[in-house]
Amino acid sequence: MINLEIPQKLGQVQQMAQQLASTVFRPISRKYDAIEHGDTPQELKPVAQMMAAMPRGEGKKGAGDDGAIRNGSNMTGILAVEAMCWGDVGLMLSIPGSGLGNAAIMAVGSPEQKAQYGKLYCAMAITEPGAGSDSAAVSTTAQLDGDEWVLNGEKIYCTAGQRCDAIVVWATLDKSLGKAAIKSFIVPRDTPGLTLVRVEDKMGLRISDTAALAFNDCRIPRDHLLGSEEVGDTEEARKKAFGGVMQTFDNTRPQVAAMALGVARAALEITRELHEKEGVKADFSKLPYNSSARELALYRMEADLEAARLMTLKAAWMADNGQPNSKEASMCKAKAGRMGNDVTLQCVALCGELGYSEQTLLEKLARDSKIIDIFEGTQQIQQLIVARHLLGLSSRELK
Amino acid sequence: MSTDALFDLSLTEEQRITREGSRRFARQVMAPRAREADEQAGADDEIVAGIAALGLPLMPIPEALGGVGLPRSPLSAALVIEDLAEGDMSHALAALQPMGAVHALMDFGNDDQQERWLPSLASDSFQAAAVALAEPGMAFEPSQLQCRAERHGDAYRLSGSKALVPMAASCHWFVVVAMDDDGPAAFVVPADVDGLSITPQAYMGLRGAGLCTLNLEQVKVPLGDRLAHFDLERLMALSRIGLSALAVGTCQAVLDYSIPYVKERKAFGEPIAWRQSVAFMVANMGIEIEGMRLMMLRAASRAEQGLPFTREAYLAHLQCMEKAMEIGTNGIQLFGGAGFVRDYPLEMWYRNLRSIAVLHGSLMV
């Protein structure tokens, strides 16, 4: 039966995350915007312990055996991420223990890998100086030498690459074989041959460490490859292999969309409060076009946020119920990414000098929001994926 | 507000079956004949009869009054509107208008009023009635109605004008919303009453919907025909859901029609769909329709569950009126000159979609 409300059980998770965001994150939000390149903030350590103690999402796919509808770990994740990012997206990304690498290990790792690395803090390294959105162009190499993989290459823009325990690194077994030869490897942070080149200075998310890493004859055990070593001897098999790697994104894109939801809600709330103090109240009492420009702007932002929020919940709901959601995951990431950017920037403009100043969080939210429309697949990559799905075109036809 | 119910987007078995039937009718009967009705500026009788045969106005009417006696279901109504709008927005609006009028009587009328007015609509053939809220002019605002109702002894006298009333020339009666001393009120006005004149109007779109203006000059309405439980906010909100559903269905038609065309049409030696500038327009249509549909469904399902839904309906309608027009415009753009000529339906959809920002009070779910 169609129902787009959050069930009570999940509402509790949401409230806990919101509590954390307002009592832990918000009070230190400005402080850590000014401290770049520090260690993990002290205040986040108890948060990490608390989260480690919480029951992990089973990671189980599909509806229950009875075919009943589930609201599972994907949807819970959306609600928690949204609420925490209302507090501070940079701080949320700095909580030790839950990196993108963890999502990849949980999605495609073996039981042993999950046991060994599941509870550590795992980052993900895909982007290279010469390969960003085009993840098939990865040129970091992995060569088998006896019982070890030897990694060589350079990775950039690796979130938590400095503070993590291990990194899931994308590398190619043989560049001439294209996508199919790209595999991911778990590289413990202290492996010899892995060096931290630099930590980036950024416009937003400043407390979150974004690292450039170099791999020089970096050796890891053979069983640290995620998934299968096979490259596949037919084109179909190769396509499938890379598709499997990309599947991680179907689960992570809605989570990233949820970041934009939290940031936008924060900006909109502050903006609405400031407007109410000036007597501007968007209370749905007049038709949109009979409202003032400020009221109409508030309505439009709220509508866009609502659209993005429902789309994100839908994508997560599909994942929880074992429905293929690649199109919907990209749809919600595209909508939420651009909405987050539009809303936070408009909020700054609507609040004038006050919005632009550091007296409120609006300018920070606007700085933080931009990256959400870039990482985990840019706006344009999401549109490309959605277009291929709708039009039924391959990546060769629609480049 | 949260309940124990899970977040769920699955249709019930009944909704799925109804949907199959209404979609088939939309595709096979409505879509091929929409253009002719648009050109002739009048509804196609067979389409109207076909929609009437679905029996939607009958559903909530009590059995004693000739109906089926099912509980009111804003969600099911919204789904049907969306499906039929995929076939043609004009006919969906025209032929479903009696359903909106029944809903108004069910929600706002007392037992006597329902007994008096509903049997005339309890039929498998098309029996028309309409809610008349919008008024002529530029800056209509429902909270500041110009149409007045003045009490004279044992009756009211209604004076003013109402606009954008679908199929008004065929209606048995109207629910006319007017200001009385206590604020906005609603009155059932029979079509043949003295002092009421009905004038067809030509509009940019919805030319098959029989849109008319009503002029009321001292129209006498007995006290008993003032709807007992009228709630303007509820009328507006339920209508916003209906209008949003019209927008979603029509936009889906634009998208579904555009996809094969851009894959077939070639330029520079390959299908234009292979170019990102074209493909991204298609992607954005799909993305926005998804958001519009979910907002419409959320408002409808809250109404169905008895939760407050004014805010959700307002936001859904705002999103739909603006994004729908973007989609209508881009539909033409994708077809280029072919979108502008009347051989293709794109220009008709563009003209029809603009109405979502202008209609008010129609198609209460």
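Residues numbered from 1 in each chain as written. Chains lettered and ligands numbered in written order. Predicted model: local features only at pLDDT ≥ 70, side-chain atom pairs only at ≥ 80, totals over all residues.

### Let's talk about the overall build of chain A
Of regular secondary structure, chain A possesses 13 helices and eight strands. For a compact globule of 399 residues, the expected C-alpha radius of gyration is about 21 Å, and chain A comes in at 21 Å, within 12% of that figure. Principal-axis analysis of the C-alpha atoms gives chain A an extent of 75 × 45 × 40 Å. Counting over 399 residues, chain A shows a buried share of 50%. (Helix = DSSP H or I, 4+ residues; strand = E, 2+ residues; numbered from the N terminus. Rg over C-alpha atoms; globule rule 2.2 N^0.38 Å. Buried ≥ 20, exposed ≤ 12 C-beta atoms within 10 Å, placed from the backbone.)

### Some details on the overall build of chain B
Regarding its fold elements, chain B presents 10 helices and nine strands. A compact globule built from 365 residues should have a C-alpha radius of gyration of about 21 Å, and chain B, at 21 Å, falls within 12% of that. C-alpha extents for chain B along the principal axes are approximately 80 × 50 × 35 Å. Within chain B, buried positions represent 54% of all 365 residues. In chain B, the proportion of contacts linking residues at least 24 apart, taken out of those at least 6 apart, comes to 76%. (Contact = placed C-beta atoms within 7 Å.)

### So, the UniProt feature "domain: Acyl-CoA oxidase/dehydrogenase middle" (unreviewed entry) in chain A
The positions UniProt marks with the feature "domain: Acyl-CoA oxidase/dehydrogenase middle" (unreviewed entry) are residues 123-218 of chain A. Secondary structure within residues 123-218 of chain A divides into 0% helix and 51% strand; the distance between the first and last C-alpha atoms comes to 17 Å. (UniProt positions renumbered as here; feature names shortened; annotations may be inferred.)

### Comments concerning the confidence of the model for chain B
Of all residues in chain B, 99% attain a pLDDT of 70 or more, and the chain-wide mean is 96. Reported for the predicted complex are a pTM of 0.96 and an ipTM of 0.97. (pLDDT = per-residue confidence, 0-100.)

### Considering the nonpolar core
Judged by nonpolar contacts, the single largest core of 214 residues is most densely connected at I81(B), V176(B), I241(B) and M296(B). Ignoring anything within four residues of it in the chain, the contact list for I81(B) reads A92(B), L96(B), G242(B), A245(B), L246(B), G249(B), L363(B) and V365(B). V138(A), V168(A), F185(A) and L194(A) belong to the second largest nonpolar core, which has 42 residues in total. (Core = buried A, V, L, I, M, F, W, Y, C linked by C-beta atoms within 7 Å.)

### Notes on the interface of chain A and chain B
With 42 residues of chain A at the interface, the matching set in chain B holds 40 residues. Of all the secondary structure elements, the ones that give two or more residues to the side of chain A that touches chain B are α1 (8-34), α9 (293-320), α10 (326-350) and α13 (379-391) of chain A. A per-element tally of the side of chain A that touches chain B places α9(A) first, with 12 residues. Residues that form the side of chain A that touches chain B fall into these classes: 27 nonpolar, seven polar and eight charged. (Nonpolar A, V, L, I, M, F, W, Y, C, P; charged D, E, K, R; others polar.)

### Structural notes on unusual backbone geometry
Although it is not a glycine, A160(A) sits at a positive phi angle of roughly 70°. Considering the arrangement of structural elements, one finds A160(A) in the loop between β3 (148-159) and β4 (166-172). Under the C-beta neighbour-count criterion, A160(A) is labelled buried, with 27 such atoms within 10 Å. The phi dihedral of A41(B) falls on the positive side, at around 50°, and the residue is not glycine. Structurally, A41(B) can be placed in the loop between α1 (13-40) and α2 (45-53). Exposure remark for A41(B): the 16 C-beta atoms within 10 Å place this residue in the partly exposed category.

### Re the pairing of strand β2 (residues 141-145) of chain A
Residue and element names in this part refer to chain A. Pairing between β2 and β3: five bridges, direction antiparallel. Following the sheet pairing, L144 is matched in β3 by W149. Hairpin geometry of β2 and β3 is characterised by an intervening segment of two residues between the two adjacent antiparallel strands and by a positive phi of about 65° at G146. (Pairing = 2+ DSSP bridges.)

### Some remarks on the domain arrangement of chain A
Residue and element names in this part refer to chain A. Split into domains, chain A comes out as domain 1 (8-105), domain 2 (121-232) and domain 3 (247-391). For domain 1 versus domain 2, the distance between C-alpha centres works out to 25 Å. Among the secondary structure elements, those contributing two or more residues to the side of domain 1 that touches domain 2 are α1, α4 (89-93) and α5 (100-108). A per-element tally of the side of domain 1 that touches domain 2 places α5 first, with five residues. Of the residues assigned to the side of domain 1 that touches domain 2, the class counts are 10 nonpolar, eight polar and two charged. (Domains from an automatic or database assignment.)

### A closer look at the UniProt feature "domain: Acyl-CoA dehydrogenase/oxidase C-terminal" (unreviewed entry) in chain B
According to UniProt, the feature "domain: Acyl-CoA dehydrogenase/oxidase C-terminal" (unreviewed entry) maps to residues 236-362 of chain B in the numbering used here. The span residues 236-362 of chain B shows a helical share of 76% and a strand share of 3%, and its end C-alpha atoms are spaced 9 Å apart.

### A look at the environment of D88(A)
Residues and elements named next belong to chain A. Within the secondary structure layout, D88 lies in the loop between α3 (73-87) and α4. Note: C-alpha distance between D88 and A266 (178 residues apart in sequence) is 9.2 Å. The contacts of D88, once residues within four sequence positions are left out, are F25, R26 and S29.

### Regarding the domain arrangement of chain B
All names here are of chain B. The domain boundaries assigned to chain B delineate domain 1 (13-126), domain 2 (131-225) and domain 3 (232-357). Each of domain 2 and domain 3 has a C-alpha centre, and the two are 30 Å apart. Listed per partner, the contact involves seven residues of domain 2 and seven residues of domain 3. Tallied by class, the residues present in the side of domain 2 that touches domain 3 amount to six nonpolar, one polar and no charged.

### What about the UniProt feature "domain: Acyl-CoA dehydrogenase/oxidase N-terminal" (unreviewed entry) in chain B?
Under the UniProt annotation, the feature "domain: Acyl-CoA dehydrogenase/oxidase N-terminal" (unreviewed entry) is placed at residues 12-123 of chain B. Within residues 12-123 of chain B, the helical portion is 70% and the strand portion 0%, while the C-alpha atoms at the span's ends are 26 Å from each other.

### Describing the packing of α1(B) against helix α3 (residues 74-87) of chain B
Residue and element names in this part refer to chain B. The interhelical angle for the contact between α1 and α3, taken along N-to-C directions, is 25°, at an axis separation of 7 Å. Classified by the interaxial angle, the pair formed by α1 and α3 is roughly parallel. For the pair α1 and α3, the sense of crossing is right-handed. Contacts between α1 and α3 involve Q15, T18, R19, S22, R23, F25, A26, R27, M30 and A31 from the former and S76, L79, V80, D83, L84, E86 and G87 from the latter. Of the residues assigned to the contact of α1 with α3, the class counts are seven nonpolar, five polar and five charged. (Axes fitted to C-alpha atoms, helices over the stretch in contact; angles between N-to-C directions. Parallel < 35°, antiparallel > 145°, perpendicular 65-115°, else oblique. Left-handed = near helix turned anticlockwise from the far one by under 90°.)

### With respect to the packing of α3(B) against helix α4 (residues 89-108) of chain B
Residue and element names in this part refer to chain B. One can describe the packing of α3 onto α4 by two numbers: an axis separation of 8 Å at closest approach and a directional angle of 150°. On the basis of their axis angle, the class for α3 and α4 is roughly antiparallel. Contact with α3, carried on its side by A77, I81, L84 and A85, involves M89, A92, L96 and M99 of α4 and no other residues of that element. By residue class, the composition of the contact of α3 with α4 is eight nonpolar, no polar and no charged.

### With respect to α13(A)
Think of an α-helix as 3.6 residues a turn; residues three or four steps apart then line up on the same face. Residues and elements named next belong to chain A. For α13, with 13 residues, the first-to-last C-alpha span of 18 Å sits near the 18 Å given by 1.5 Å per residue. Taken together, the buried positions of α13 are Q382, Q383, L384, I385, V386, A387, R388, L390 and L391. After α13 finishes, the residue G392 shows a positive phi value of roughly 65°. (Expected span 1.5 Å × (residues − 1).)

### Observations regarding the pairing of β3(A)
Examined bridge by bridge, β3(A) and strand β7 (residues 210-221) of chain A share nine bridges and lie antiparallel to one another. The residue bridging T159(A) from the neighbouring strand is T210(A), located in β7(A).

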